[in-house]
Amino acid sequence: MEDNFVEFHNVTKKWGDFVGLDGINLKIRRGEILTLLGPSGCGKSTLMRIAAGFELPTTGDVIIDGRQMADTPPEKREVNMLFQRYALFPHLDVFDNIAFPLRIQKRPKEEIRQRVEKMLELVQLKEFSSRWINEISGGQAQRVALARALIGQPKVLLLDEPLSALDLKIRHHMLEELKRIHRETGTTFLYVTHDQDEAMILSDRIVLMNAGQIVQMGTPDEMYGKPQSLFAAKFFGETNIVEGKLVRSADRCAVETTDGLITVEDKMISEGSRVYASIRPEAFVISNHAEGNIRGIVEDIENIGARTVCRVRSGSGHAYRAQVFRTSAISTPPIGANVALSCAPADVVLVSQ
Amino acid sequence: MSVDFPARRFYPATVNPLSIRLPRGWGLATPPVAFLLFFFVLPAITLFVTSFFAAQAFQIVPDWNVGNYLRIFKAAGFWKANFQGLTNGFFVATISVLLAFPAAFYVVYRAKTNLILYMALLSWFSSYLVRIFAWRTILGTNGMVNSALINLGLIDAPLDFLIFSPTAAIITLVHIMVPFALLILVSALQDVKAEYLEAARDLGATRWQVLTRVILPMCHKGLVGAFMFSFILAAGDFIIPQLMGGRDGITSGLLISGQFRSVGNWPLGSAMAWTLMSCLLIVYLLFVGLLYVARLSPGRRYH
Ligand SMILES: Nc1ncnc2c1ncn2[C@@H]1O[C@H](COP(=O)(O)OP(=O)(O)O)[C@@H](O)[C@H]1O
Ligand SMILES: [Mg+2]
């Protein structure tokens, strides 16, 4: 069911001549986690601040749950934001920080107590309700901020790089926590990050942005497996990019590169056009016999945890990274060995510039 | 009020980012504490002790009695003057803070440069007395205000309450105090990062609620500092009341300085000074209490 909850129609934001956002069209579905992903400065925070009402779009509309937001100030929008550095009020303790939105709404005391306690339970901070803000850790502050943002039961929770201030270990734990809290509250999450791993782990759908525009949109699998541009292919994980010309014969379609022909699936691209082939390191099969598309010499071997990646220098001087699984029957070739790399046509993704 | 985000603490607390060996513990606070001790606490104690002595023909007799205080307690003239001093303090502090707060808000959150702040502080380049006499020419019988009003045909004769009245003293004192209040409030507001204001708006607070529930409690120290600073200096001032205040503008500060400078009754002057100081302490407690009752104080739990 298409249930578009938040819609951006042709949203553009300009500061003088500088175009921060350029014609953004985006629909967020009820209850999903949608991630805005992109390099720093591509306009993610700006889009989020437009949704929250802190910035007004130069042109275009924002619609939340069927209502036009153009004349609605931030405090009237049923949207809450989790700030990058939490912005917890230091003059209030944990309980009163979480109670802040309800006190603003002048809810009865008893209701406030019950709801704050429920939130404290949700974020697992029951024993910390009387701590001052400078007496809790970064991870706890994050959870207080989350409780404070969720207690008013917003229609959408905006999270702007919420994990960037945390160290790596807590970050993974918090990702799991965010998923659990999303499950338990059913709130729609609009999440912003520049880290593709975070986006892959957390999201139902990912929106890849670059220079104020949406580059590609899809599920994490689609984004990883079917990048539609060089930018998207490079942004999601490690990949090998080979430039070449598309050639077609009676029975096969291939890319003609300086290292020979790489067979690809026929995707109706006109013959002779310049394309880029993106091949993931794990798509390569390394062998020591002559069959296979790319020949070269093993130059370096990196052991990264459970996997081993060989750097293979081809005849034309191009370096490829190919992955060998520790468990595979094929043993890792030694440095200096002559090897051939091959891959299934389905694993070669052709992208344009 | 200082707020530190755990993520922004660049150095562990035990590592000194400067390569200078800094004194430990109270070491860094010693010079100012020593200064205050010698030039404030000791003289204040001396005054306190003296206030229980008696003055007789050009000498002070250490006869330990509360006569000075009894005399002050019964002197309606002193209380009238003291009330005038406190009234000056109240209006000067209130007006200065009310004028300085919006300006400080503008400097911290809106202005792109510190130009406004520097322009306000520019008045410090002229001396105190010069500024007083400037106001005398502005407010005087033939001064700018009266001439302008007469030329516009709004009044027939000069308004004489403009100068040599408590109002004139208050106007001049406000002029002196506003830059101080501004500086104190700017530095207090700089700790209230714009992110807090946005967070409060985001959580449903109106502009007014952001002011009363976030900004004011977070810059409590600055508020108390700016108010009490202007209050104390204005209430104790004896030069502006003398030059601008006229007959009705006599303050306890003026009486105190008179005891020391012309009458020569140090014990009575000391007792008056301590009486004024106690009144100022009460004002401080009242002001802090008012903020507390109005829920504008930090560090309170509401659950
Ligand atoms: N108030 C502003 N005035 C001018 N330029 C701005 C303003 N806010 C953001 N920008 C610019 O817009 C671009 C996008 O910013 P932002 O949305 O914060 O990026 P991201 O969150 O993706 O890192 C940046 O180049 C930034 O410099
Ligand atoms: Mg950002």
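That block above? That's the structure.
Residues numbered from 1 in each chain as written. Chains lettered and ligands numbered in written order. Predicted model: local features only at pLDDT ≥ 70, side-chain atom pairs only at ≥ 80, totals over all residues. Heavy atoms only, no water.

A count of helices and strands for chain B gives 13 helices and 2 strands. Each of the three principal axes of chain B carries a C-alpha extent, and together these read 70 × 65 × 45 Å. Carbon together with sulfur atoms contributes 70% to the accessible area of chain B, which is approximately 17500 Å² in total. If the 21 positive side-chain charges of chain B are averaged to one point and the 10 negative ones to another, these points end up 7 Å apart. (Helix = DSSP H or I, 4+ residues; strand = E, 2+ residues; numbered from the N terminus. Areas by Shrake-Rupley, 256 points an atom, 1.4 Å probe, with all protein chains shown as cover. Lys, Arg positive; Asp, Glu negative; His and termini not counted. Charge placed at Lys NZ, Arg CZ, Asp CG, Glu CD.)

Quick look at the interface of chain B and chain A now. The interface of chain B with chain A comprises 27 residues on the first partner and 36 residues on the second. Across the interface of chain B and chain A, roughly 2900 Å² is buried in total on both sides, 60% from carbon and sulfur atoms. Contact with chain A buries area across many residues of chain B, yet B:D202, B:L203 and B:H303 alone supply 25% of it, more than any other trio. Seen at the junction of chain B and chain A, the total is 4 salt bridges. Salt-bridge contacts for A:E75 lead to B:R201; the nearest nitrogen and oxygen are separated by 2.6 Å. Top element by residues in the side of chain B that touches chain A is helix α8 (residues 194–202) of chain B. It accounts for 7 residues. A per-class count over the side of chain B that touches chain A returns 14 nonpolar, 5 polar and 8 charged. (Contact = heavy atoms within 4.5 Å. Buried area = accessible area lost by both parts, 1.4 Å probe. Salt bridge = Lys/Arg side-chain N within 4 Å of Asp/Glu carboxyl O. Nonpolar A, V, L, I, M, F, W, Y, C, P; charged D, E, K, R; others polar.)

As a general point, the strands of a sheet are linked pairwise by backbone hydrogen bonds and lie either parallel or antiparallel. Residue and element names in this part refer to chain A. If you trace the 6 strands from one edge of the open sheet to the other, you get β6-β7-β8-β3-β9-β10, paired in mixed fashion. Looking along the sheet, the strands with just one partner apiece sit at the ends: β6 (79–82) and β10 (213–218). Averaged over neighbouring strand pairs, the angle between their axes works out to 20° when direction is ignored. Note: strand β7 (residues 156–160) against strand β8 (residues 188–193), 5 bridges, orientation parallel. Directly across from D160, in β8, lies its bridge partner V192. Relative to β7, helix α1 (residues 44–52) is tilted by about 150°, and along the sheet it contacts β3 (33–37), β6, β7, β8 and β9 (205–210). With respect to the sheet, helix α5 (residues 168–185) is in contact with β3, β7 and β8, its orientation differing from that of β8 by roughly 160°. (Pairing = 2+ DSSP bridges. Axes fitted to C-alpha atoms, helices over the stretch in contact; angles between N-to-C directions.)

Turning our attention to the side chain of A:E75. Summarising the element assignment, A:E75 is placed in the loop between β5 (67–68) and β6. Within the structure, A:E75 has its side chain in polar contact with the side chain of B:R201 (distance 2.6 Å). Those residues in contact with A:E75 that sit more than four places away from it in its chain are B:R201, B:G204, B:A205 and B:T206. (Polar contact = N/O pair within 3.5 Å; in protein donor to acceptor, adjacent residues only side chain to side chain.)

This part is about α8(B). Of all the 9 residues making up α8(B), 8 are buried; the element is thus mostly covered by neighbouring parts of the structure. Here α8(B) has its buried residues at B:E195, B:Y196, B:L197, B:E198, B:A199, B:A200, B:R201 and B:D202. Residues of α8(B) that are buried in the fold lie against α1, β6, α2 (94–104) and α4 (138–150) of chain A together with α3 (76–110) and α9 (207–218) of chain B. B:G204 sits one or two positions beyond α8(B) and adopts a positive phi of about 110°. (Buried < 20%, exposed > 50% of the residue type's maximum accessible area, 1.4 Å probe, protein only.)

Another aspect to go through is the pairing of strand β12 (residues 253–257) of chain A. Residues and elements named next belong to chain A. By the criterion of burial, β12 is predominantly enclosed, with 4 of the 5 residues buried. Relative to β12, strand β11 (residues 240–248) is paired through 4 bridges, and the arrangement is antiparallel. Of the residues in β12, the one forming a bridge with R248 is C253. Turn length for the β11-β12 hairpin, with the two strands adjacent in sequence and antiparallel, is 4 residues. Pairing between β12 and strand β13 (residues 260–264): 5 bridges, direction antiparallel. Considered in β13, the bridge of E256 is made with L261. Hairpin connection from β12 to β13: 2 residues lie between these consecutive antiparallel strands.

Viewed as axis vectors pointing N to C, α2(A) and α9(B) meet at an angle of 150°, and their least axial separation amounts to 12 Å. One finds that α2(A) runs roughly antiparallel with respect to α9(B). Where α2(A) crosses over α9(B), the handedness of that crossing is right-handed. From α2(A), A:F100, A:R103 and A:I104 reach across to α9(B), where they touch B:Q209, B:R213 and B:V214. (Parallel < 35°, antiparallel > 145°, perpendicular 65-115°, else oblique. Left-handed = near helix turned anticlockwise from the far one by under 90°.)

Here we come to the pattern of salt bridges. If you walk through the whole model with that rule in mind, you get 25 salt bridges over all chains. Close ionic contact of A:K155 with A:D65 constitutes a salt bridge, the shortest N to O distance being 3.0 Å. In this pair, A:K155 sits in the loop between α4 and β7 while A:D65 sits in the loop between β4 (59–64) and β5, placing the two residues 90 residues apart along the sequence. Judged by relative accessible area, A:K155 falls into the partly exposed class, the value being 25%. For A:D65, a relative accessible area of 31% corresponds to the partly exposed category. When salt bridges that share partners are traced, they join A:K13, A:R49, A:E55 and B:E198 into one network.

Moving on to the packing of aromatic side chains. Inspection of the entire model under this criterion finds 20 aromatic pairs over all chains. On the basis of an interplanar angle of 50° and a centroid distance of 4.7 Å, the ring pair of A:F89 and A:F100 is categorised as tilted. With A:F89 in the loop between β6 and α2 and A:F100 in helix α2, the pair connects residues that are 11 residues apart, well separated along the chain. Accessibility classification places A:F89 together with A:F100 in one group, the buried group. Counting every residue linked through ring pairs, the aromatic cluster contains B:F48, B:F52, B:Y69 and B:W274. Over the aromatic face of B:Y292 sits the side chain of B:R300, whose NZ or CZ is 3.8 Å from the ring centroid. (Phe/Tyr/Trp six-rings, centres within 6.5 Å; stacked < 30°, edge-to-face > 60°. Lys NZ or Arg CZ within 6 Å of the ring centre and 35° of its normal.)

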